Amino acid sequence: MGKIVLRLDRMMVERKMSLNELAERVGISNVNLSKIKNNKVTAVRFSTLAAICEALECNVGDILEYQT
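Residues numbered from 1 in each chain as written. Predicted model: local features only at pLDDT ≥ 70, side-chain atom pairs only at ≥ 80, totals over all residues. Heavy atoms only, no water.

Student: Can you help me understand helix α2 (residues 19–26) in this one?
Tutor: Every α-helical turn comprises 3.6 residues, leaving residues that sit three or four positions apart pointing alike. Residues of α2 that are buried include every one of Leu22, Ala23 and Val26, and no others. On an axial view of α2, the arc spanned by its buried residues comes to 100°, and they lie on one face. Turned more than 90 degrees away from the buried face of α2, the exposed residues are Glu24 and Arg25. At its buried positions, α2 is contacted by α1 (8–15), α3 (30–37) and α4 (46–56). Phi turns positive one or two residues past the end of α2, at Gly27, with a value near 90°. (Buried < 20%, exposed > 50% of the residue type's maximum accessible area, 1.4 Å probe, protein only. Helix = DSSP H or I, 4+ residues; strand = E, 2+ residues; numbered from the N terminus. Arc of directions from axis to C-beta. Contact = heavy atoms within 4.5 Å.)

Student: Hey, could you run me through the packing of α1 against α3 in this one?
Tutor: When two helices pack together, their arrangement is given by the angle between the helix axes and by the axis-to-axis distance. The N-to-C vectors of α1 and α3 enclose an angle of 110°; their axes lie 8 Å apart at closest approach. Between α1 and α3, the angle falls in the class roughly perpendicular. Two secondary-structure elements touch here, α1 through Leu8, Asp9 and Met12 and α3 through Leu33, Ile36 and Lys37. Partitioned by chemical class, the residues of the contact of α1 with α3 number four nonpolar, no polar and two charged. (Axes fitted to C-alpha atoms, helices over the stretch in contact; angles between N-to-C directions. Parallel < 35°, antiparallel > 145°, perpendicular 65-115°, else oblique. Nonpolar A, V, L, I, M, F, W, Y, C, P; charged D, E, K, R; others polar.)

Student: Would you mind showing me how to read α1 here?
Tutor: All buried positions along α1 are accounted for by Leu8, Met11 and Met12. Seen along its axis, α1 keeps its buried residues to an arc of 100°; they face one direction. Lining the buried residues of α1 we find β1 (3–6), α2, α3, α4 and α5 (60–63).

Student: For this particular structure, what's the right way to read the layout of surface pockets?
Tutor: Taking a probe equal in size to a water molecule and rolling it over the atoms shows the remaining empty space. Looking at the largest pocket, its volume works out to about 230 Å³. Surrounding the largest pocket, Ile4, Leu6, Asn39, Val41, Thr42, Ala43, Val44, Leu49 and Leu64 form its lining. Of the residues contributing to the lining of the largest pocket, the split by class is seven nonpolar, two polar and no charged. (1 Å grid on protein atoms, 1.4 Å probe; cavity = no way out; pocket = protein on both sides within 12 Å on 5 of 7 lines; lining within 4 Å. Points joined across faces, edges and corners; volume = space filled by probe spheres on them.)

Take a look at the structure:
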């Protein structure tokens, strides 16, 4: 079975945005954003995902990847 992998770290580097700055823009704690960034979560709210995409000016497909 495949899995979904978050590539948030890659997009943050491309946008030159720190964890602290992104957490502030999204409105979540640094700890929770770090867990998302490091693929330590099993679920992400759509509202959080939308806020991340808005802050990074990207699409969901830019930070989510399906791996087989």
